[in-house]
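Structural overview for review
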Amino acid sequence: EWNHFAENVKECLEGLICGNYSKSQISINIVILQADGNTKAAIFNAITLALLDAGIALKDFMVAVNVGVVKESVLVDLNSEEEKSAFTELLITFMPRSSTIDFVDLKSKKSSSKEVSGLFEVGEKAAMEIYTVLSDYVKEFSLRRLLFSR
């Protein structure tokens, strides 16, 4: 499963990185120190932040989120126990500037198209909230770096 996920991450990043880096090699290594669910979304978000910090030009600010149905409730950012008991789980990467979904991973025991559509709506809304938090952090961090580098 993780090898397949790594290939998906690579494909997403190849479409995300803009500019000509043909004479460069971008290596991304992920070490998971502790995991209590939502690991794949956290990996996508960490990679986005690392690329921005490295000054790599991106076409958009990729944000990932997972949502799921657990005991008839829709939850965002599932922990390990919630992931195990989720009736349906959806992981998306969302590009907020273009309002597009770039990657989808859906695990479902049985769901209607209406239920899945509702998960997409919740996921997109949550991704926009995550984008707001992360982009504000990136702006603040970049400003501090600029001010304190002089």
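Before reading further, recall that the structure is shown in the block above.
Reference entry: report on the structure contained in this document. Values in this document were obtained by computation on a predicted structure and should not be read as measured data.

1. With respect to the layout of surface pockets
One way to see where empty space is left: roll a probe the size of a water molecule over the atoms. The space that makes up the largest pocket amounts to roughly 480 Å³. Lining the largest pocket are 18 residues, and of these Ala 6, Val 9, Lys 10, Leu 13 and Ile 28 sit closest to its centre. Those elements giving two or more residues to the lining of the largest pocket turn out to be helix 1 (2–16) and helix 2 (39–53). Tallying contributions element by element places helix 1 first for the lining of the largest pocket, with seven residues. Class assignment of the residues belonging to the lining of the largest pocket gives a composition of 13 nonpolar, three polar and two charged. The space that makes up the second largest pocket amounts to roughly 250 Å³. Residue lining of the second largest pocket: 13 residues in total, with Glu 1, Lys 40, Glu 83, Glu 89 and Lys 107 positioned closest to the centre.

2. Some remarks on helix 2
One turn of an α-helix holds 3.6 residues; hence residues three or four places apart share an orientation. Taking 1.5 Å of rise per residue, the 15 residues of helix 2 would be expected to cover 21 Å, and the 21 Å separating its terminal C-alpha atoms lies within 8% of that figure. If you check which residues of helix 2 are buried, you get Thr 39, Lys 40, Ala 41, Ile 43, Phe 44, Asn 45, Ile 47, Thr 48 and Leu 51.

Scoring rules and cut-offs
- Residues numbered from 1 in each chain as written.
- Predicted model: local features only at pLDDT ≥ 70, side-chain atom pairs only at ≥ 80, totals over all residues.
- Heavy atoms only, no water.
- 1 Å grid on protein atoms, 1.4 Å probe; cavity = no way out; pocket = protein on both sides within 12 Å on 5 of 7 lines; lining within 4 Å.
- Points joined across faces, edges and corners; volume = space filled by probe spheres on them.
- Helix = DSSP H or I, 4+ residues; strand = E, 2+ residues; numbered from the N terminus.
- Nonpolar A, V, L, I, M, F, W, Y, C, P; charged D, E, K, R; others polar.
- Expected span 1.5 Å × (residues − 1).
- Buried < 20%, exposed > 50% of the residue type's maximum accessible area, 1.4 Å probe, protein only.

Treat this as a map of the structure, not an account of what it does.
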